[in-house]
Amino acid sequence: MNLLFINCCISMHTPSRTALLADAFLAAWQAAHPADTVEVVDLRSMTIAPLRMDNITAYETKLAEGRTADPDFALARQFAAADRIVIAAPYWELSFPAQLRLYIERISALNIAFGYTPEGKSVGLCRAEKLLFLTTAGGPMENANCGSEHLRALSQMYGIDQYCFLGAALQDVKEIDHETILRQTIAQAEALAKTF
Ligand SMILES: Cc1cc2nc3c(=O)[nH]c(=O)nc-3n(C[C@H](O)[C@H](O)[C@H](O)COP(=O)(O)O)c2cc1C
């Protein structure tokens, strides 16, 4: 089995809390799955061109012509082929950093990650059965976890049956014991890793 880890832990903290959560999950997953492999996409400083007026026609034409082996679709092919997917990113603007949005734009390639039936129904083409999103937030997340809801809906579109989310809230509220909240979320992540 192959787990694809999308590392979007862009941070000014040393260490990044989101990275601590992700590292704990991955260590527990490797311990529980010693024969399996982890592949990493490091979005922390990767250059991903947004689709714009100067590149969208070439990009979409290749897709429309079915040229899915083109290097432009390498990230999409890698995502669609993974058995398990873990995405880690901090909670920014009620969602996640722009780097992850750019990555999503690139992996959501027609006839690689998803397609349509002749009747117009959307069908997921990704192999993974499970996708986990890990985050940490400065404040509360319960009223607007837009990043998680976006990834939940995308998982369905990609044909990934199980969407899982773990987040440690209130990490920037000094008056609250935020370290305990992070420790508890890490413990939940380590427990989930055994069956993920
Ligand atoms: C650019 C930026 C935007 C942020 N936006 C939010 C936000 O909308 N809501 C919130 O609760 N915290 C927000 N935060 C705080 C982070 O979510 C919080 O500090 C998180 O734990 C950072 O994780 P890290 O240690 O991995 O960087 C923001 C932080 C940054 C740097």
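Because the structure is predicted, anything quoted here is derived from the model rather than measured. (Residues numbered from 1 in each chain as written. Predicted model: local features only at pLDDT ≥ 70, side-chain atom pairs only at ≥ 80, totals over all residues.)

Q: Describe in detail the site of the ligand, supporting the description with residues and values.
A: Not every one of the 18 residues close to the ligand is listed here, only the nearest: S11, S16, T18, G138 and G139. For the shell around the ligand, the element with the most residues is helix 1 (residues 17-32), which contributes 3 residues. Here the shell around the ligand is built from residues that sort into 7 nonpolar, 8 polar and 3 charged. (Near = placed C-beta within 6 Å. Helix = DSSP H or I, 4+ residues; strand = E, 2+ residues; numbered from the N terminus. Nonpolar A, V, L, I, M, F, W, Y, C, P; charged D, E, K, R; others polar.)

Q: I'd love a proper account of the pairing of strand 1 (residues 2-7), names of residues and values included.
A: Of all 6 residues in strand 1, 5 are buried; the element is thus mostly enclosed. Pairing of strand 1 with strand 2 (residues 37-42) involves 6 bridges; the strand directions are parallel. Bridge pairing links F5 to V40 in strand 2. Each parallel crossover has a hand, and for strand 1 linked through helix 1 to strand 2 it is right-handed. The pairing of strand 1 with strand 3 (residues 84-88) spans 5 bridges and is classified as parallel. Across the sheet, the residue bridging to I6 is I87, located in strand 3. (Buried ≥ 20, exposed ≤ 12 C-beta atoms within 10 Å, placed from the backbone. Pairing = 2+ DSSP bridges. Right-handed = clockwise from strand over helix to strand, strands pointing away.)

Q: How would you sum up the packing of helix 3 (residues 74-81) against helix 4 (residues 98-107)? Please name residues and give values.
A: At a minimum axis distance of 7 Å, the contact between helix 3 and helix 4 shows a crossing angle of 85 degrees. When the interaxial angle is binned, helix 3 and helix 4 end up roughly perpendicular. Side by side, helix 3 and helix 4 meet where L75, A76 and F79 of the first sit next to Y103, R106 and I107 of the second. Residues that form the contact of helix 3 with helix 4 fall into these classes: 5 nonpolar, no polar and 1 charged. (Axes fitted to C-alpha atoms, helices over the stretch in contact; angles between N-to-C directions. Parallel < 35°, antiparallel > 145°, perpendicular 65-115°, else oblique. Contact = placed C-beta atoms within 7 Å.)

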